[in-house]
Amino acid sequence: MILVLRALGVGDLITAVPALRALRAAYPGRELVLAAPAGLAPLVDLVGGVDRLVDTAGLDRPAWPGAAPEVAVNLHGRGPRSHRLLAAARPGRLLAFANSAAGFADGPPWAADEHEVDRWCRLLSWYGIPADRTDLALRRPAPGRLPAGVTVLHPGSKIPAKRWPAERFAALARALTDRGHRVLLTGSTDERALAARVADAAGLPPSAVLAGRTDLGALAALVADARLVVSGDTGVAHLATAYGIASVVLFGPVPPAHWGPPPDRPRHRALWAGEGDWRWWDGVGSHPTLAALRLDEVLAAVDEVERVVRVSGAIAA
């Protein structure tokens, strides 16, 4: 059995898809067990190749209560806590980044300035397991009852500093509605009030607010058939990349070089106004790198990605 630790969120899971598929290919006859939050189950099914999901949220309880795995793979972090959690499962072999605090030297060095997808592909490559960083596509979910062809705006984020100001999302929603877009607002249950505030300021009906009303499977289905996605640096942006849906992603404080869509895919546009030492800001509200992004810049990026979609559609026809 191969045990993989990735006890994080939606974007974390999707950026690990190339590594998970590489492990599936490297160990075709073994059971592949993913230690991750149970709420990710609908998306894990869309990744494919994972045989079992073990509910593991964070690093506070054992990642695996069963018999010792043949191989344990740390796709969670640099250690030492995540290393120790997997070592407690008594694996025959641990694949992880080198970490002296965990007493683990058999692995490549951690690199802070690296894209999240590349990080885990590099880890596996060091152990002789090739991974394709472009293998990000998810399986298409079964058709749901949500509408197709809509524009998804996702104003929230678990981290307030990564939220573009709500009033600008409202102005964006008004502008896109005037252009003929059907705008829907997504988010978690905790973000429902934020989404409702944006909808009200934009003059959208309450029915446009889907925040807190969709599970991850329904959200994936909505994005897979969407016209456009505009969001901050959060999980829904990675869903847009996984389904090749035109997207504009607003970055701050973390730059797109670490978490952004692949730069060679023109239907995804990352906006970033950061410069200088972006890491050490302790204020409240939107980070300055996000507050610096203007509405006209976002609308121009929307025009750009929609133009790419039109041209590619014309070529395909």
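Residues numbered from 1 in each chain as written. Predicted model: local features only at pLDDT ≥ 70, side-chain atom pairs only at ≥ 80, totals over all residues. Heavy atoms only, no water.

## What about the overall build of the chain?
From N to C terminus, the chain includes 12 helices and 10 strands. Its C-alpha atoms give the chain a radius of gyration of 20 Å, within 12% of the compact-globule value 20 Å for 317 residues. With the principal axes as the frame, the chain shows a C-alpha extent of 60 × 45 × 40 Å. Residue burial in the chain is summarised as follows: out of 317 residues, 54% are buried. The long-range share in the chain, meaning contacts at least 24 apart out of those at least 6 apart in sequence, stands at 60%. Accessible surface, the chain as shown: approximately 13,800 Å² in total, 53% of it carbon and sulfur. Positive and negative side-chain charges of the chain, numbering 35 and 31 respectively, have mean locations separated by a distance of 3 Å. (Helix = DSSP H or I, 4+ residues; strand = E, 2+ residues; numbered from the N terminus. Rg over C-alpha atoms; globule rule 2.2 N^0.38 Å. Buried < 20%, exposed > 50% of the residue type's maximum accessible area, 1.4 Å probe, protein only. Contact = heavy atoms within 4.5 Å. Areas by Shrake-Rupley, 256 points an atom, 1.4 Å probe, with all protein chains shown as cover. Lys, Arg positive; Asp, Glu negative; His and termini not counted. Charge placed at Lys NZ, Arg CZ, Asp CG, Glu CD.)

## Looking at empty space enclosed by the protein
Inspection of the entire model under this criterion finds 1 cavity of 30 Å³ or more. Volume-wise, the largest cavity comes out at about 140 Å³. Looking at the largest cavity, it is lined by 16 residues, and the ones nearest its centre are H238, T241, G260, P261 and P262. Of all the secondary-structure elements, those providing two or more residues to the lining of the largest cavity are α1 (10-15), α9 (235-243) and β9 (247-251). Tallying contributions element by element places α9 first for the lining of the largest cavity, with 4 residues. Class assignment for the residues of the lining of the largest cavity results in 10 nonpolar, 5 polar and 1 charged. (1 Å grid on protein atoms, 1.4 Å probe; cavity = no way out; pocket = protein on both sides within 12 Å on 5 of 7 lines; lining within 4 Å. Points joined across faces, edges and corners; volume = space filled by probe spheres on them. Nonpolar A, V, L, I, M, F, W, Y, C, P; charged D, E, K, R; others polar.)

## Overview of the sheet that holds strand β6 (residues 151-154)
Sheet architecture is open: 5 strands sit in the order β7-β6-β8-β9-β10, paired in parallel fashion. In this open sheet, the two strands that pair with only one neighbour each are β7 (183-185) and β10 (268-272). Recorded for the sheet is a direction-independent mean angle of 15° between the axes of neighbouring strands. Where β9 meets β10, 5 bridges bridge the pair, whose relative direction is parallel. Residue pairing across strands places L250 opposite L271, the latter belonging to β10. Against the sheet, helix α6 (residues 166-178) makes contact with β6, β7, β8 (228-232) and β9, and its axis sits at roughly 175° relative to β6, the strand it touches most. (Pairing = 2+ DSSP bridges. Axes fitted to C-alpha atoms, helices over the stretch in contact; angles between N-to-C directions.)

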